[in-house]
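The residues making up each chain are set out below.
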Amino acid sequence: MKPYRYIYLAIAIILASCESTNIPPKSQPSAIQATPVQKAVTLDKNFKIASGQTLYVPVYSHIYHHNRQEIFELAVTLSIRNTDLTNPIIITSVRYYNSEGKLVKQYLERPIQLDALASTDFFINRNDTSGGLGANFIVEWVAQTEISEPIVEAVMIGTDFQQGISFISPGRVIKSQKNDQRSPLK
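Now for a description of the structure that goes with this document. (Residues numbered from 1 in each chain as written. Predicted model: local features only at pLDDT ≥ 70, side-chain atom pairs only at ≥ 80, totals over all residues. Heavy atoms only, no water.)

**With respect to the pattern of salt bridges**
Note that side chains of opposite charge can pair when their charged atoms are close. Enumeration according to the criterion identifies four salt bridges in this entry. In this structure, Asp115 and Lys39 form a salt bridge, with 3.0 Å as the shortest nitrogen-oxygen distance. Here Lys39 lies in strand 1 (residues 39-40) and Asp115 lies in the loop between strand 8 (112-114) and strand 9 (119-124), a separation of 76 residues in the sequence. Note on Asp115: relative accessible area 32%, which makes it partly exposed. When the shortest N-O distance is used, the salt bridge between Arg95 and Glu140 registers 3.2 Å. On the criterion of sequence distance, the pair formed by Arg95 in strand 6 (residues 89-97) and Glu140 in strand 10 (residues 136-143) is long-range, its members being 45 residues apart. Exposure remark for Glu140: the relative accessible area of 24% places this residue in the partly exposed category. (Salt bridge = Lys/Arg side-chain N within 4 Å of Asp/Glu carboxyl O. Helix = DSSP H or I, 4+ residues; strand = E, 2+ residues; numbered from the N terminus. Buried < 20%, exposed > 50% of the residue type's maximum accessible area, 1.4 Å probe, protein only.)

Structural data, given as C-alpha cells:
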C-alpha cells in the first residue's frame with residue numbers, strides 16, 4: 001500500500017505544478033500597455049522662446065541585402081525624450097520626408113508638451129516603405145527656459161526568417177534658437 005501513496009503524491013505534485021504555471025503571477029504586467037496621451041497645447045503671441053532646435057533624424061524604412069537583390073523591411077520608432085529634470089518642452093512639429101525630400105506625413109496637428117523627463121514616440125509600420133532608403137524626420141521643439149537638450153533618435157528593427165536586425169539613428173541639430181523673443185507662430 002505504501003508504494004501507491006508515493007505515486008499518488010507524485011501525481012498530485014505534478015498536477016499542482018502544471019496548474020500553477022498556467023496562472024500568471026499577479027505582479028506581472030499585462031502584455032498590452034496603454035500609450036500615454038499626448039498633451040496638446042496652444043502657443044500664443046505671448047509665448048517667449050528661450051531655447052529651441054530643429055533636428056534631422058535619418059531613418060531607414062528598408063535596407064538592402066544579398067548584393068542589393070533583396071530588401072529587408074524595417075519598422076521605425078522615432079523617440080523624443082525630454083531630459084530636463086524640472087522643465088517641460090514643446091514639440092511644435094514632427095514631419096516625415098521620403099528619399100526625394102518630399103513630405104510624406106505631418107504627425108502633429110497642434111504642438112504637444114513633454115513634461116520633465118517625459119517621452120513620446122511616433123511609429124512607422126515595417127510594411128510602409130513610402131519613405132525609402134533615405135527617409136528622415138524633421139523635429140522642432142521650443143522651451144520657455146534654458147533646458148537640457150532632449151534626446152531624439154530613431155530605432156529601426158526588422159525580423160524575417162529567423163534573422164533580426166536593429167539599430168539606432170541619432171538626431172542631429174540643423175538649427176538652434178537661443179533667447180529669441182519672437183513667437184514660434186508666423
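**Section: the sheet that holds strand 5 (residues 75-81)**
Here we have four strands laid out as an open sheet, ordered 9-5-11-12, and antiparallel in their pairing. Both edges of this open sheet fall to strand 9 and strand 12 (163-170), since each of them pairs with a single strand only. Strand after strand, the sheet turns through a mean of 15 degrees between neighbouring axes, direction not considered. Examined bridge by bridge, strand 5 and strand 9 share six bridges and lie antiparallel to one another. When the sheet's bridge partners are listed, Ile80 is paired in strand 9 with Thr120. (Pairing = 2+ DSSP bridges. Axes fitted to C-alpha atoms, helices over the stretch in contact; angles between N-to-C directions.)

**Some remarks on the side chain of Asn136**
By the secondary structure assignment, Asn136 is in strand 10. On the basis of relative accessibility, which here comes to 8%, the residue Asn136 falls in the buried class. In this view, Asn136 contacts Tyr56, Val57, Pro58, Val59, Arg95, Tyr96, Tyr97 and Asn98; residues no more than four positions away in its chain are not counted. (Contact = heavy atoms within 4.5 Å.)

**Here's the deal with the nonpolar core**
By size, the foremost hydrophobic cluster in this structure holds 28 residues, and its most contacted members are Val59, Leu78, Ile80, Ile91, Val94, Phe122 and Phe137. In this structure Phe122 touches Gln38, Val76, Thr77, Leu78, Ile80, Val94, Tyr107, Leu108 and Ile112, once residues within four positions along its chain are discounted. In this structure, Val41, Ile49, Ile90 and Val142 belong to the second largest nonpolar core, which totals six residues. (Core = buried A, V, L, I, M, F, W, Y, C linked by side-chain atoms within 4.5 Å.)

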